[in-house]
Amino acid sequence: MAKILVVEDEAVLQKALADMLTESSFEVVQAIDGEQAVAMAQSTKPDLILLDLVLPKKHGLEVLQALKADDATKMIPVIILTNLEDKDDISRALELGAKGYLVKANYDMKEVIAKVQEALTHAG
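What comes next concerns the included structure. Keep in mind that this is a model prediction, so the values were computed, not measured.

What counts and what doesn't
Residues numbered from 1 in each chain as written. Predicted model: local features only at pLDDT ≥ 70, side-chain atom pairs only at ≥ 80, totals over all residues. Heavy atoms only, no water. Pairing = 2+ DSSP bridges. Helix = DSSP H or I, 4+ residues; strand = E, 2+ residues; numbered from the N terminus. Axes fitted to C-alpha atoms, helices over the stretch in contact; angles between N-to-C directions. Contact = heavy atoms within 4.5 Å. Buried < 20%, exposed > 50% of the residue type's maximum accessible area, 1.4 Å probe, protein only. Lys, Arg positive; Asp, Glu negative; His and termini not counted. Salt bridge = Lys/Arg side-chain N within 4 Å of Asp/Glu carboxyl O. Parallel < 35°, antiparallel > 145°, perpendicular 65-115°, else oblique. Left-handed = near helix turned anticlockwise from the far one by under 90°. Nonpolar A, V, L, I, M, F, W, Y, C, P; charged D, E, K, R; others polar. Right-handed = clockwise from strand over helix to strand, strands pointing away.

Once that is clear, we can look at the sheet that holds strand S2 (residues 27-31). Strand order in this open sheet of 5 strands is S2-S1-S3-S4-S5, and the pairing throughout is parallel. Edge positions in the sheet fall to S2 and strand S5 (100-103), since each of these pairs with one other strand and no more. Here the strands of the sheet are splayed against their neighbours by 20° on average, with no regard to which way each runs. Alignment of strand S1 (residues 3-7) against S2, held across 5 bridges, turns out to be parallel. By the bridge assignment for S2, Val 7 is matched with Ala 31. Sheet strands in contact with helix H2 (residues 34-44) are S1, S2 and strand S3 (48-51), and its direction is about 145° off that of S2.

What follows is about the side chain of Asp 89. Of note, Asp 89 is situated in helix H4 (residues 87-96). Among buried Asp, Glu, Lys and Arg side chains, Asp 89 stands out as unpaired, with Arg 92 the closest opposite charge at 8.0 Å. If we skip the residues at most four places from it in the chain, Asp 89 touches Leu 53, Leu 61, Leu 84 and Tyr 101.

What follows is about the pattern of salt bridges. In this structure the tally under the stated criterion is 7 salt bridges. The residue Arg 92 makes a salt bridge to Glu 95 at a minimum N-O spacing of 3.8 Å. Here the residue Arg 92 and the residue Glu 95 both occupy positions in helix H4, the gap between them amounting to 3 residues, near one helical turn. With relative accessibility at 61%, the residue Glu 95 sits in the exposed group. When salt bridges that share partners are traced, they join Glu 8, Glu 10, Asp 52 and Lys 104 into one network.

Turning our attention to the packing of H2 against helix H3 (residues 60-69). Running from N to C, H2 and H3 cross one another at 20°; their axes reach a closest spacing of 9 Å. One finds that H2 runs roughly parallel with respect to H3. Crossing of H2 against H3: the hand is right-handed. In contact with Gly 34, Ala 37, Val 38 and Ala 41 of H2, H3 contributes Val 63, Ala 66 and Leu 67. When the residues that make up the contact of H2 with H3 are grouped by side-chain class, the tally is 6 nonpolar, 1 polar and no charged.

The side chains of a regular strand alternate, residue by residue, between the two faces of the sheet. Of the two faces of S5, the one carrying Gly 100 and Leu 102 and the one carrying Tyr 101 and Val 103 are both buried. The sheet contact formed by strand S4 (residues 78-82) and S5 spans 4 bridges and is parallel. Across the sheet, the residue bridging to Ile 80 is Tyr 101, located in S5. The β-α-β motif built from S4, the intervening H4 and the parallel element S5 has right-handed crossover chirality.

This is the structure we're talking about:
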C-alpha cells in the first residue's frame, strides 16, 4: 500500500483528500504547515507527496526545495496541488523537481487521485 503525505492547511480540503486517498487504498499521513511537511517527509518516508504552496511557516516551494536537497527525501515524487496559477510558480516548481502541478480549481478529487496513481506508476 502506497503512503501519501498530504500537505494542506485548509482542514476541509485536507480531510477530503485524506478520505478520498484512503478510499482508494492509500495510506495517508498529513501535515498542515511547511515545517511539519519537511519533518513528516523525513520521518515517514512517503511514496508520494501532495503539496500545497500557500502554507503557514514555510512556503510550498521552500518545502519542495528542502525535500529535493535532502538525500533522504529527494527521490520522493511531489505533486503540487494549489490555487496559484502563476506561470512563475509553475515553472519554479517544475525546475525544483515537482512531478506535476495541479491547480485545485481545475481538478476534481477523482482526477487528483488519478494523477497520484499515474505518478506512482512512473516513479517505480
